[in-house]
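What follows is each chain in one-letter form.
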Amino acid sequence: MSAPAGDAVRVRVPATSANLGPAFDCAGLALARHDVLEFSTAAGGLEVVMTGEGAHSLPADESHLVVRAFRAACDRLGWRPSGLRVVAENTIPQGRGMGSSAAAVVAGIVGAWALCPDVEDVDLDAALGLATEMEGHPDNVAPCLLGGATLSWTTPGGARAERLAVHPDVVPVVLVPPGTLSTHVARSLLPELVPHADAVFNASRAALLTHALTTAPALLLDATDDRLHQRQRAAAMPDTLAVLERLRAAGHAAVVSGAGPSVLVLARRLDGEVGEEPGAVRTVADLTPQGWAVLPLDVDAGGAAVLDRGVQVSSR
Ligand SMILES: Nc1ncnc2c1ncn2[C@@H]1O[C@H](COP(=O)(O)OP(=O)(O)OP(=O)(O)O)[C@@H](O)[C@H]1O
Ligand SMILES: N[C@@H](CCO)C(=O)O
C-alpha cells in the first residue's frame with residue numbers, strides 16, 4: 001500500500017481524568033480540552049511541528065510519543081509512509097493528571113488508521129488494545145478514544161471498555177497546580193500489597209461510583225472515596241492532598257485526577273440551578289490555592305475524532 005505525498009488528516013483528542021477516586025486503573029472521564037494534530041504523508045523523512053503545551057520541551061524526532069504510536073499502528077496495518085509530517089496544537093497540560101500521554105498515544109494511532117490507504121474506519125477494538133499496551137493501563141485511553149465516562153478492563157484477549165451515560169447535573173472541575181508529576185514516579189510509590197479491608201472499601205466505593213455518576217450524583221462524595229492510591233502518593237504531592245481534604249471536608253467530591261497532581265472535583269448542579277456556572281464551581285474556586293488554574297470542563301461525549309473527514313471515530 002502507498003499513499004500519495006500530501007495526503008492529510010486532522011485528529012482531535014480529548015483530555016481525560018482517570019481513577020475518579022476508587023476505580024484505580026479502570027474508570028475515566030473524557031473532558032472538553034483537546035489536542036489537535038494534523039498528519040500528512042511526505043516524500044521522505046519526518047517533520048514534527050508543535051505549538052502550545054510541550055512545544056519547547058518535547059522531542060521532535062522518532063522518540064516523540066505521537067510518532068511512536070503512529071509507527072506502532074502502521075506496523076499493525078502493514079503500512080509505512082515514505083515520509084511523515086505531524087503538526088500538533090497541544091492544549092492538554094502535560095504531567096498534570098489530565099491524560100496527556102494517553103491523548104498523544106490515541107492521536108498517533110487514530111492518525112495512522114485514518115491516513116492509511118484502503119482502510120475505511122478506525123478499528124476501535126484494535127486501537128484500544130494497542131493504546132493500552134503502550135500506556136500500560138486502559139483507564140485514560142478508553143475515554144480518550146470513546147468519549148464520556150468509561151469503565152475499562154483487561155482480558156487475555158486484550159483491553160475492553162464500556163461507556164457510562166454521565167448524569168447531566170455532574171459538572172467536572174479540574175484544579176491544576178503549577179508543578180508536574182510523572183505517572184511513572186507516582187506509580188513507583190504504590191505498595192505491592194494492600195490490606196483486605198482497604199480492598200473491600202474500594203470495591204464498595206467503585207461499585208457505588210457507577211450508580212452515583214449515572215443516576216444519583218448526590219452520592220458522589222461517598223462514591224469517590226479511596227484507600228488504595230491517593231494517600232500512598234501524598235509525599236510526591238502534599239499540596240494536592242491538602243486541597244483534596246479541604247474540598248471533601250466541605251462536601252465536594254474531590255479526587256486526585258489520574259496520577260496527579262491535579263485535583264478533579266465532580267461538582268453538582270443543584271435543583272433548579274440554571275446558567276453557565278453552577279454555585280458549586282464558585283465555592284470550589286474559593287477553596288483553591290492561588291496559582292492553581294480552575295478549569296470547569298464539559299464532559300467530552302464523542303472522544304477522538306477525525307475532523308477533516310467529518311467522521312466521528314467513536315461511533316459504536
Ligand atoms: N502531546 C504530547 N506529545 C508528545 N508526548 C507527550 C504529549 N503529551 C504527553 N507526552 C509525553 O507524556 C509525558 C507525560 O505523561 P504522564 O503519564 O507522566 O502524565 P499525564 O499523561 O499528563 O498524566 P496522567 O497519566 O496522570 O493523566 C510527557 O512528559 C511526554 O513525554
Ligand atoms: N490509573 C493511572 C492513571 C494515570 O495514568 C494511575 O493512577 O497511575
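Residues numbered from 1 in each chain as written. Chains lettered and ligands numbered in written order. Predicted model: local features only at pLDDT ≥ 70, side-chain atom pairs only at ≥ 80, totals over all residues. Heavy atoms only, no water.

Asks: It is not clear to me how the UniProt feature "binding site: ATP" (unreviewed entry) in the protein chain should be interpreted in this structure. Could you clarify?
Replies: UniProt's entry tags Pro93, Gln94, Gly95, Arg96, Gly97, Met98, Gly99, Ser100, Ser101, Ala102 and Ala103 with the feature "binding site: ATP" (unreviewed entry), counted in the numbering of this structure. Relative to the elements of secondary structure, glycine 99 occurs in the loop between strand E4 (83–90) and helix H2 (100–115). For glycine 99, a relative accessible area of 11% puts it in the buried group. Apart from residues no more than four positions distant in its own chain, glycine 99 is found in contact with Thr16 and Asn140. Its location among the elements puts alanine 103 in helix H2. (UniProt positions renumbered as here; feature names shortened; annotations may be inferred. Helix = DSSP H or I, 4+ residues; strand = E, 2+ residues; numbered from the N terminus. Buried < 20%, exposed > 50% of the residue type's maximum accessible area, 1.4 Å probe, protein only. Contact = heavy atoms within 4.5 Å.)

Asks: Before we go on, may I ask you to explain the site of ligand 1 in this structure?
Replies: Gly95, Gly99, Ser100, Ser101 and Thr183 are the nearest of the 19 residues found near ligand 1. Contacts to ligand 1 include glycine 95, whose backbone N or O atom sits 2.9 Å from an oxygen atom. For ligand 1, an oxygen atom lies 3.3 Å from a polar atom in the backbone of glycine 97. Protein burial of ligand 1: of its 630 Å² of free accessible surface, 81% is covered by the chains. Secondary structure elements with two or more residues in the shell around ligand 1: helix H1 (65–77) and H2. No other element matches the 3 residues that H2 contributes to the shell around ligand 1. For the shell around ligand 1, the class distribution of residues is 6 nonpolar, 11 polar and 2 charged. Both domains that meet at the shell around ligand 1, namely domain 1 (8–163 + 300–312) and domain 2 (170–296), each give it at least three residues. (Near = heavy atom within 4 Å. Polar contact = N/O pair within 3.5 Å; in protein donor to acceptor, adjacent residues only side chain to side chain. Areas by Shrake-Rupley, 256 points an atom, 1.4 Å probe, with all protein chains shown as cover. Nonpolar A, V, L, I, M, F, W, Y, C, P; charged D, E, K, R; others polar. Domains from an automatic or database assignment.)

Asks: Would you mind going over the UniProt feature "domain: GHMP kinase N-terminal" (unreviewed entry) in the protein chain with me for this structure?
Replies: UniProt marks residues 65–148 with the feature "domain: GHMP kinase N-terminal" (unreviewed entry), using the numbering shown here. Helix makes up 56% of residues 65–148 and strand 10%, with an end-to-end C-alpha separation of 24 Å.

Asks: What am I meant to see in H2 here?
Replies: Helical geometry: 3.6 residues make up each α-helical turn, so side chains three or four residues apart lie on a common side. For H2, which comprises 16 residues, the first-to-last C-alpha distance of 22 Å matches the rise-based estimate of 22 Å (1.5 Å per residue) to within 8%. Most of H2 sits inside the fold, with 15 of its 16 residues counted as buried. (Expected span 1.5 Å × (residues − 1).)

Asks: Before we go on, may I ask you to explain the packing of H1 against H2 in this structure?
Replies: Packed helices, taken two at a time, are described by the angle their axes make and the gap between the axes. The contact between H1 and H2 brings their axes to 7 Å, and the two run at 40°. Comparing the axis directions of H1 and H2 gives the class oblique. For the pair H1 and H2, the sense of crossing is right-handed. Packed against H1, whose contacting residues are Leu65, Val66, Ala69, Phe70, Ala73, Cys74 and Leu77, the element H2 presents Ser101, Ala104, Val105, Gly108, Ile109, Gly111, Ala112, Trp113 and Leu115 at the interface. The residue makeup of the contact of H1 with H2, split by class, is 13 nonpolar, 3 polar and no charged. (Axes fitted to C-alpha atoms, helices over the stretch in contact; angles between N-to-C directions. Parallel < 35°, antiparallel > 145°, perpendicular 65-115°, else oblique. Left-handed = near helix turned anticlockwise from the far one by under 90°.)

Asks: Teacher, can you tell me more about the confidence of the model for the protein chain here?
Replies: Any region with low pLDDT has predicted coordinates that should not be read closely. For the protein chain, per-residue confidence averages 94 on the pLDDT scale, and residues scoring 70 or more make up 95% of the total. Low confidence marks residues 310–316, where pLDDT is under 50. Its contacts with residues over four positions away, or in another chain, come to 25 contacts. (pLDDT = per-residue confidence, 0-100.)

Asks: Is there a simple way to think about the nonpolar core in this case?
Replies: When a protein is soluble and globular, its nonpolar side chains tend to lie buried together. Counting 70 residues, the largest nonpolar core has Val13, Phe39, Val106, Ile109 and Leu145 as its most contacted members. For this core, the leading source of residues is H2, giving 12 residues. Counting the residues that make up this core, at least three belong to each of domain 1 (8–163 + 300–312) and domain 2 (170–296). Judged by nonpolar contacts, the second largest core, of 20 residues, contains Val171, Leu181, Ala259 and Ala267. (Core = buried A, V, L, I, M, F, W, Y, C linked by side-chain atoms within 4.5 Å.)

Asks: Looking at this structure, how should I read the side chain of histidine 34?
Replies: With respect to the helices and strands, histidine 34 occurs in strand E2 (residues 27–42). Side-chain polar atoms of histidine 34 contact the side chain of aspartate 300, separated by 2.6 Å.

Asks: Help me out: how do you make sense of the environment of proline 178 in this one?
Replies: Structurally, proline 178 is set in the loop between strand E7 (170–176) and helix H5 (183–188). The sequence separation of proline 178 and tryptophan 292 amounts to 114 residues, and the corresponding C-alpha distance is 6.2 Å. Ignoring anything within four residues of it in the chain, the contact list for proline 178 reads Arg96, Gly291 and Trp292.

Asks: It is not clear to me how the pairing of E7 should be interpreted in this structure. Could you clarify?
Replies: Consecutive residues of a regular strand have side chains that alternate between opposite faces of the sheet. Most of E7 sits out of view: 7 of its 7 residues are buried. Side chains Val170, Pro172, Val174 and Val176 of E7 all project onto a buried face; the interleaved residues Val171, Val173 and Leu175 project onto the opposite face, where all are buried too. One ladder, built from 4 bridges, connects E7 with strand E10 (residues 293–296); its direction is antiparallel. Along E10, the bridge assignment pairs valine 173 with proline 296. (Pairing = 2+ DSSP bridges.)

Asks: Looking at this structure, I do not really get the sheet that holds strand E8 (residues 254–256). What am I missing?
Replies: With antiparallel pairing, the 4 strands of this open sheet are ordered in space as E8-E9-E7-E10. In this open sheet, the two strands that pair with only one neighbour each are E8 and E10. Strand after strand, the sheet turns through a mean of 25° between neighbouring axes, direction not considered. The pairing of E7 with strand E9 (residues 263–268) spans 6 bridges and is antiparallel. The residue bridging proline 172 from the neighbouring strand is leucine 266, located in E9. Packed on one face of the sheet, helix H9 (residues 279–286) meets E7, E9 and E10 and runs near 20° to E7.

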